[in-house]
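Topology and contacts: notes
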Protein chains: 2
Amino acid sequence: MKKLINDPADVVIEALRGMAAAHPDRLRVDLENKVVYRKDPIRSGKVGLISGGGSGHEPMHGGLVGLGMLDAACAGEVFTSPVPDQMMAATKEVDGGAGVLHIVKNYTGDVMNFEMAAELAAAEAGTEVQSVVVDDDVAVQDSLYTAGRRGVGTTVLLEKIVGAAAEEGRSLADCAALATKVNGNGRSMGMALTSCTVPAAGKPTFELAEDEIEVGIGIHGEPGRKRVPLAPAREVAAMLVEPVLADLDFTGDSGAIVMMNGMGGTPLIELYLMYHEVAQILEKSGVTIARCLVGNYITSLEMAGCSVTVLKADDDLVGLWDAPVNTPGLRWGV
Amino acid sequence: MKKLINDPADVVIEALRGMAAAHPDRLRVDLENKVVYRKDPIRSGKVGLISGGGSGHEPMHGGLVGLGMLDAACAGEVFTSPVPDQMMAATKEVDGGAGVLHIVKNYTGDVMNFEMAAELAAAEAGTEVQSVVVDDDVAVQDSLYTAGRRGVGTTVLLEKIVGAAAEEGRSLADCAALATKVNGNGRSMGMALTSCTVPAAGKPTFELAEDEIEVGIGIHGEPGRKRVPLAPAREVAAMLVEPVLADLDFTGDSGAIVMMNGMGGTPLIELYLMYHEVAQILEKSGVTIARCLVGNYITSLEMAGCSVTVLKADDDLVGLWDAPVNTPGLRWGV
């Protein structure tokens, strides 16, 4: 295992220390609870937005905390759900009187722990909590850690869009409804060229031959749809986009918000090349790209590979997308 | 070779097509000359800033074109200098009457070709051109493709700072003097956990054993200072920061601008962990961090590894650093 780490047991806490050191102007990190907060306390009357999950997907979620996006992110160990105590601490902390929305990716541990935290926060502090579970991955119906579809790239777009809605003062019910809509409008599919290595495990999560790729991979290295021979980028793009388009109709006047996401070990030059392929397929299919993101946003440690997320847009979603955001991972307008 | 590409010969042009497709609001790409421009023509009276070099270092340079940074970036083939014709086309295009500054990393091909382009543009179009050659890498005195030190991470910081100066209307002479000062104030050192593979070569540039790292690596895989056994992050940080601190005194009231840069294949979780180590060493050495960047800014394809750049700051440099920037790779304040 070749990594820039010290003790494998300390990776998450040391990375959080790095985030705290790098962004003291914007973030405040509760190292005991492993929660990343916005520096300033929540504005009274603003809905609090929390997400979280296993670490190893950076910048998601801690790097997506800030104005116009999350209020707090709970960091679990690598590829391991945070515990209810962390989520409860965060929920109480970002309750500005308008309630708190939990944004949960559909993995059994995350779902269970966020549910428990919501109940505890309601019982202990009277905090009103609503939840949205993101399940946008079209690759497989059930998966290693999931009943139903896995939650992947749409989470990033949802956090941006609902973050903007909370910032402009929408109610908890409205934010929750919007989050449900975004999840319903978003679809993703990913692939891997290589495995990643969880620090505590010390060896690759799975093996792929030198001439083989895995299509439909999960963000923790969960098995996908199929292993196929290494193929040109244009064929890989088709393997990702076609199942997405088959699952939902993205044509429409407002077009789509598209994310070409890297898994952590794939460089930007390849992501731009892939984006070109993806954009051509979408264009041929009558899908207009209203907005896009190209880069590493929801990763799997150092896995080489990529995923495509397509979100059916409308004027409200595009407007919220364009609203200012100031996080370490995503920033514009401020 | 496992990459998300089609034909190795088409990697650069297809990535440029992807950039054009992803950023039509901000960039315009001359595919024939392989030059990335800001979408809008240069403002009359503004100094034009051009950089460029071999591809494979994304987001540098094409992803650093935009308001407050570069006006144009010339893309060579992977790890290969662009040719004078590209640079001359760009130079003429971004001459807004106030002259053009060439920002050149110190590699023999780049230096020679930018010099030739400057002479041609002066002769053919009467464009006034000045150049700054960046040579901030403390690792080695001469290198495979370099007489003198190599130009690496300081280039990114220089493009930001001088870009802001040009945006606020400073003259060509002032921008050139500022660029020279930034180069003089910046020092870098990098390391690799793995090699990268140039698409046209199809095999790794060099071999590193599973328990070995290369310290002082160049951004094209040029040999560094030494190969040593894989070490904990805190020791790796010391191997990078100590030679930097030994080369220049960074203590001072205005502190330093620090970049913790990934080589392309190293995920953000490791870069934040490394940043924490680097920040601790700098603090112990009496160097205050005024501003920082953590992420992939000057990469070597999919190489795993990192580099540290430290730039001695003053009020002018910090003010220019904070000025608005709107590029695909770096954005704030707009």
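Residues numbered from 1 in each chain as written. Chains lettered and ligands numbered in written order. Predicted model: local features only at pLDDT ≥ 70, side-chain atom pairs only at ≥ 80, totals over all residues. Heavy atoms only, no water.

Just so we agree on the cut-off: UniProt positions are given in the numbering used here, feature names are shortened, and annotations may be inferred rather than shown by experiment.
The name given to chain A in an unreviewed UniProt entry is phosphoenolpyruvate--glycerone phosphotransferase, and the organism recorded there is Ornithinimicrobium ciconiae. Looking at chain A in UniProt, the text filed under Subunit (unreviewed entry) is "Homodimer. The dihydroxyacetone kinase complex is composed of a homodimer of DhaM, a homodimer of DhaK and the subunit DhaL." Quoted straight from UniProt, the Catalytic activity (unreviewed entry) entry for chain A says "dihydroxyacetone + phosphoenolpyruvate = dihydroxyacetone phosphate + pyruvate".

Some details on helix α8 (residues 315-322) of chain B
All names here are of chain B. Note the cut-off: Burial status follows relative accessibility: with a 1.4 Å probe on protein chains alone, a residue under 20% of its type maximum counts as buried, one over 50% as exposed, and anything between as partly exposed. For helices the rule is a DSSP run of H or I covering at least 4 residues; for strands it is a run of E covering at least 2, with both sets numbered from the N terminus onward. What the arc measures is the spread of directions leading from the helix axis to the C-beta atoms. Every residue pair with non-hydrogen atoms within 4.5 Å of one another is taken to be in contact. Under this definition, polar contacts are N or O atom pairs within 3.5 Å; protein pairs additionally need one hydrogen-donor-capable and one acceptor-capable atom, and for neighbouring residues in sequence, both atoms have to be side-chain atoms.
If you check which residues of α8 are buried, you get Leu 317, Val 318, Leu 320 and Trp 321. The buried side chains of α8 occupy one side of the element, clustering within an arc of 165° when seen end-on. For α8, the elements touching its buried residues are α4 (154-167), α5 (172-185), β10 (256-262), β11 (289-295), β12 (305-312) and β14 (331-332). Taking the backbone nitrogen of Asp 316 as reference, a side-chain oxygen 3.1 Å away marks Asp 314 as the first, capping residue of α8.

Some words on the sheet that holds strand β5 (residues 100-105) of chain A
All names here are of chain A. Operational definition: For two strands to pair, DSSP has to find at least two bridges joining them. Helix axes are fitted only over the stretch in contact, all axes being lines through C-alpha atoms; the angle between N-to-C directions runs from 0 to 180 degrees.
As summarised here, the arrangement of the six strands in space is β1-β2-β4-β3-β5-β6, forming an open sheet in which the pairing is mixed. The open sheet has two edge strands with one neighbour each: β1 (27-30) and β6 (129-134). With strand direction ignored, the average angle separating the axes of adjacent strands in the sheet is 20°. In this sheet, β5 lies alongside strand β3 (residues 48-55) in parallel orientation, the contact comprising three bridges. Bridge assignment links Ile 50 to a residue of β5, and that residue is His 102. Along the sheet face, helix α1 (residues 11-22) touches β1, β2 (35-38), β3 and β4 (72-78) and points at about 145° away from the line of β4. Strands β5 and β6 of the sheet are contacted by helix α5 (residues 172-185), whose axis makes an angle of about 5° with β6.

Thoughts on the packing of helix α6 (residues 233-247) of chain B against helix α7 (residues 268-284) of chain B
Residues and elements named next belong to chain B. Convention followed: Between 65 and 115 degrees an angle is taken as roughly perpendicular, under 35 as roughly parallel, over 145 as roughly antiparallel, and anywhere else as oblique. Crossings are assigned a handedness: left-handed for a near helix turned anticlockwise from the far helix by less than a right angle, right-handed for a clockwise turn. Put simply, Ala, Val, Leu, Ile, Met, Phe, Trp, Tyr, Cys and Pro go in the nonpolar bin, Asp, Glu, Lys and Arg in the charged bin, and everything else, Gly too, in the polar bin.
Contact geometry for α6 and α7: axes closest at 9 Å, N-to-C directions at 50°. Taken together, the axes of α6 and α7 are oblique relative to one another. At the point where α6 passes α7, the crossing takes the right-handed sense. Every residue of α7 that contacts α6 at Ala 233, Arg 234, Val 236, Ala 237, Ala 238, Leu 240, Val 241 and Leu 245 is listed here: Leu 273, Met 274, Glu 277, Val 278, Ile 281 and Leu 282. Of the residues in the contact of α6 with α7, the class split is 12 nonpolar, no polar and two charged.

With respect to the UniProt feature "domain: DhaK" (unreviewed entry) in chain A
Feature annotation in UniProt assigns "domain: DhaK" (unreviewed entry) to the following positions: residues 7-332 of chain A. Across residues 7-332 of chain A one finds 33% helix and 23% strand; the C-alpha atoms that close the span lie 36 Å apart.

A word on the relation of the copies chain A and chain B
Two copies of a chain can be linked by a rotation about an axis combined with a shift along that same axis. Formally: Least squares is the method for superposing the copies, and the C-alpha atoms it fits come from residues with pLDDT of at least 70 in both.
The transformation that overlays chain A on chain B combines an axial shift of 0.0 Å with a rotation of 180°, and the residual RMSD is 0.0 Å. The symmetry that links the two subunits is that of a two-fold axis. Scanning chain A for the C-alpha nearest the rotation axis identifies A:Gly265, at a separation of 2.0 Å. The overlap is high: 100% of the interface residues of chain A also sit at the interface in chain B, so the same surface is used on both sides.

Examining the sheet that holds β12(B)
Strand pairing in a sheet relies on backbone hydrogen bonds. The paired strands run either parallel or antiparallel. All names here are of chain B. Spatial ordering of the open sheet is given by β9-β8-β7-β12-β10-β11, a layout of six strands whose pairing is mixed. Single-partner strands in this sheet number two, and they are β9 (226-229) and β11. Within the sheet, the average angular offset between the axes of one strand and its neighbour, ignoring direction, is 15°. Its contacts with the sheet put α6 on β7 (186-192), β8 (212-215), β9 and β12, and the angle it makes with β7 is roughly 155°. Where α8 meets the sheet, it contacts β10, β11 and β12, and its direction lies at approximately 40° from that of β11.

Some points on the interface of chain A and chain B
What counts is decided by this rule: Accessible-area loss on putting two parts together, using a 1.4 Å probe and summing over both, is the definition of buried area adopted here. By salt bridge we mean one thing: a side-chain nitrogen of Lys or Arg within 4 Å of a carboxyl oxygen of Asp or Glu.
Contact residues are listed per partner, giving 56 residues for chain A and 56 residues for chain B. Buried surface at the junction of chain A and chain B, summed over both partners, amounts to about 4600 Å²; 66% is from carbon and sulfur atoms. Of all residues in chain A, A:Lys2, A:Leu4 and A:Ile269 give up the largest surface area on contact with chain B, accounting jointly for 21% of the area buried on that side. Linking chain A to chain B there are two salt bridges. Here B:Arg234 and A:Glu14 are joined by a salt bridge, their closest N and O atoms 3.9 Å apart. For the interface between chain A and chain B, the tally reads 20 residue pairs in polar contact (both at pLDDT 80 or more). Where the side of chain A that touches chain B is concerned, the elements lending two or more residues are α1, α6 (233-247), α7 (268-284), β11 (289-295), β12 (305-312) and β14 (331-332) of chain A. Its residues assigned to classes, the side of chain A that touches chain B shows 32 nonpolar, 11 polar and 13 charged.

A closer look at the environment of A:Leu320
All names here are of chain A. Tracing the backbone shows Leu 320 in helix α8 (residues 315-322). What makes Leu 320 buried here is its relative accessible area of 3%. Taking C-alpha positions, Leu 320 is 14 Å from Leu 330, a pair spaced 10 residues apart along the chain. If we skip the residues at most four places from it in the chain, Leu 320 touches Lys 160, Ile 161, Ala 164, Ala 165, Glu 168, Arg 170 and Leu 178.

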